[in-house]
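Listed below are the residues making up each chain.
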Amino acid sequence: MSKIQSLRGMNDLLPEQSPTWQYLEQKIKDVLQSYGYREIRFPLLESTELFKRSIGEVTDIVEKEMYTWLDRNGDSVTLRPEGTAGCVRASEQNGLLRNQVQRLWYSGPMFRYERPQKGRLRQFHQFGAEVFGLEGPDVDAEMLVMTARLWEELGLSEHIKLQINSLGNALNRAQYRDALVEFLSAHKDSLDEDSQRRLDSNPLRILDSKNSQIQALLDTAPNLHDFLDAESTEHFAALRALLDSAEVAYEINPRLVRGLDYYGKTVFEWITDSLGAQGTVCAGGRYDGLVEQLGGKPSPAVGFGMGEERLVLLLDAVGAVPDSVDLYVDAYLVVAGEVTQQALRCSELIRSQCAGLRIQNHCGGGSFKSQMKKADRSGAKVALIIGEDEAAAEKVTIKYLRETTEQQTLALADVINLLNQL
Ligand code: ATP
Ligand code: MG
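Residues numbered from 1 in each chain as written. Chains lettered and ligands numbered in written order. Predicted model: local features only at pLDDT ≥ 70, side-chain atom pairs only at ≥ 80, totals over all residues. Heavy atoms only, no water.

Participant: For this particular structure, what's the right way to read the sheet that holds strand β4 (residues 76-79)?
Facilitator: The pairing of strands in a sheet comes from backbone hydrogen bonds and takes either a parallel or an antiparallel form. Strand order across the open sheet formed by 3 strands is β2-β4-β3, with antiparallel pairing between neighbours. Each having just a single partner strand, β2 (45-47) and β3 (68-70) make up the two edges of the open sheet. Each strand axis lies, on average, 35° off the axis of its neighbour in the sheet, ignoring direction. Across 3 bridges, the pairing between β3 and β4 is antiparallel. Its bridge partner lying in β4, W69 is registered against V77. Across the sheet, helix α2 (residues 48-55) is in contact with β2, β3 and β4; its angle to β2 comes to roughly 75°. (Pairing = 2+ DSSP bridges. Helix = DSSP H or I, 4+ residues; strand = E, 2+ residues; numbered from the N terminus. Axes fitted to C-alpha atoms, helices over the stretch in contact; angles between N-to-C directions. Contact = heavy atoms within 4.5 Å.)

Participant: Explain the packing of aromatic side chains to me, please; I cannot follow it from the model alone.
Facilitator: Geometrically, a pair of aromatic rings is defined through the distance of the ring centres and the angle of the planes. For the coordinates displayed, the defined rule picks out 8 aromatic pairs. Geometrically, the ring pair formed by W151 and W270 is edge-to-face, given 5.8 Å between the ring centres and 75° between the ring planes. Of this pair, W151 sits in helix α5 (residues 137-154) while W270 is found in strand β9 (residues 264-271), placing the two residues 119 residues apart along the sequence. Classification of W151 as buried rests on a relative accessible area of 1%. Here the aromatic residues F132, Y262, Y263 and Y287 are joined through ring pairs into a cluster of three or more. (Phe/Tyr/Trp six-rings, centres within 6.5 Å; stacked < 30°, edge-to-face > 60°. Buried < 20%, exposed > 50% of the residue type's maximum accessible area, 1.4 Å probe, protein only.)

Participant: What is the right way to read a positive patch on the surface from this model?
Facilitator: Residues K369, K373, K374 and R377 make up a contiguous surface patch of positive charge. Counting through the fold element by element, K373 comes out in helix α13 (residues 368-377). (Patch = residues over 30% accessible without salt bridge, like charges linked within 9 Å, V, L, I, M, F, W, Y side chains within 5 Å. Areas by Shrake-Rupley, 256 points an atom, 1.4 Å probe, with all protein chains shown as cover. Salt bridge = Lys/Arg side-chain N within 4 Å of Asp/Glu carboxyl O. Lys, Arg positive; Asp, Glu negative; His and termini not counted. Charge placed at Lys NZ, Arg CZ, Asp CG, Glu CD.)

Participant: Any chance you could explain the environment of V339 here in plain terms?
Facilitator: Summarising the element assignment, V339 is placed in the loop between β12 (331-336) and α12 (340-353). A residue is classified by how much of its surface remains accessible, and V339, at 1% relative accessible area, is buried. Considered as a pair, V339 and A355 are 16 residues apart in the sequence and their alpha carbons are 25 Å apart. Every residue in contact with V339, bar those within four places of it in the chain, is listed here: I386, G387, E388 and A391.

Participant: Explain the pairing of strand β5 (residues 102-111) here, please?
Facilitator: Every regular strand shows the same layout, with side chains that alternate between the two sheet faces. Extensive coverage of β5 is indicated by the burial of 8 of its 10 residues. The pairing of strand β1 (residues 38-39) with β5 spans 2 bridges and is parallel. For R38, the partnering residue across the bridge sits in β5 and is L104. Here β5 runs beside strand β6 (residues 123-132); their pairing, made up of 10 bridges, is antiparallel.

Participant: Please clarify how helix α4 (residues 84-93) should be interpreted in this entry.
Facilitator: One turn of the α-helix equals 3.6 residues, which is why residues spaced by three or four share an orientation. By the criterion of burial, α4 is predominantly enclosed, with 7 of the 10 residues buried. Along α4, the residues classified as buried are T84, A85, G86, C87, V88, A90 and S91. Buried-residue contacts for α4 involve β2, α2, β5, β6 and α10 (290-293). G95 occupies a position one or two residues after α4 and carries a positive phi of about 75°.

Participant: Explanation requested: the nonpolar core in the structure shown.
Facilitator: As a rule of thumb, nonpolar side chains are buried together in soluble globular proteins. Membership of the largest hydrophobic core comes to 46 residues, with the highest contact counts inside it found for F132, L180, L184 and Y287. I28, A129, A141 and L239 belong to the second-largest nonpolar core, a separate cluster that totals 44 residues. (Core = buried A, V, L, I, M, F, W, Y, C linked by side-chain atoms within 4.5 Å.)

Participant: I tried to follow the environment of F124 on my own but got confused; where do I start?
Facilitator: The topology assignment puts F124 in strand β6. Taking relative accessible area as the criterion, F124 reaches 12% and is therefore assigned buried. In this structure the C-alpha to C-alpha distance between F124 and I61, which are 63 residues apart in sequence, comes to 14 Å. Not counting residues within four places of it along the chain, the set of residues in contact with F124 comprises P81, G108, P109, M110, F111, R112 and E309.

Participant: I tried to follow the site of ligand 1 on my own but got confused; where do I start?
Facilitator: Looking at ligand 1, there are 14 residues lining it, with R112, E114, R120, R258 and T280 nearest. Separating an oxygen atom of ligand 1 from a side-chain N or O atom of R258 is a distance of 2.4 Å. R310 places a side-chain nitrogen or oxygen 3.1 Å from an oxygen atom of ligand 1. Relative to its unbound accessible surface of 580 Å², ligand 1 loses 86% to contact with the protein. For the shell around ligand 1, the secondary-structure elements that each account for two or more residues are β6, β10 (280-286) and β11 (301-307). Top contributing element to the shell around ligand 1 by residue count: β10, with 3 residues. (Near = heavy atom within 4 Å. Polar contact = N/O pair within 3.5 Å; in protein donor to acceptor, adjacent residues only side chain to side chain.)

This is the structure in structure tokens:
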């Protein structure tokens, strides 16, 4: 019988890779929580309408990337392609947005039917953060300072650069859209197929076309910043001043528009050039209109999503994962002879008295020599050996595997002391 394979673009995470993922996830959680963010969890599956109404009907995601089907009841459901929509839905439905400020984070798989390639999968993983109830640029700045701190913690600062832009309010964007369409319509022959299609459906997306001819054409196009109202201009200026004083470096990219409909005012992307085309590792912005658009009482909001696969690739590419991350046990217990009962009791006592120590018991028998080989390969710092002599004397032999210290046979209490100093 033929073997069943995983679906294209849906990866398994193997034990060799999971330490890097856990390392990354722990760092992200620690940084988010050090700014008072709290975790929220919401379903992977939501009604299709939620994503259509929030992300926008004429976006890449809704037009061609969603996993959507009719459930047994005939209702249209969709696997979440991103987290903001579900986070807003859950927060609103559970009353978290009633005149309250919320700083929230979430993480987990997202699903998009895209062409799989390096850093682009069909099931990928994001960490997201959303803040509700604050409209000023102070919280936008705090978010960027927070992400800058995360890159610092991960040893990635040199490899990731910040781009920011302001999209103004909905009216500014509508007026700009008209001006842009007028300009581009006059140059219709120079547009590629993709841009011609977008000219009718989502003209702002033409701004981030990867086609260099289009980019050259855009040099003479109207500039979005000339269409911003005073409030958006001030908001953006204040954000820049805060970033300057916090010494977070950035580049202003007036063509940064992001692919989702709900953004306004601040948008940003953290980009690396170490990963080729899939260089955006974290992206987000302000979406003050979305809560109301989904039926809630208006609440300003700002957030971002970061792609874990791309961050893992980057950590590996620049060698930023500390060696110790791969080591999954500190001590390996060698069971030499008919002493399984004593070994099991002894390791339980050690676990009770050495908080956080990771100890693996040898199971399955085998010679002393082969057990010592396994101890070495496990990466453990020490082997603990219980043979018949040790068992009879209620002692344990501790052998250092990574340093030249002599091995010693000691009472359990003394071994526990040593283990607590590892
Ligand atoms: P891109 O331009 O690369 O397609 P996007 O604008 O569609 O990105 P967002 O919706 O802003 O991406 O998602 C936030 C982050 O999630 C991205 O910056 C990226 O790091 C990650 N991401 C998005 N789509 C994928 C995917 N298919 N596979 C892996 N990571 C992804
Ligand atoms: Mg995309």
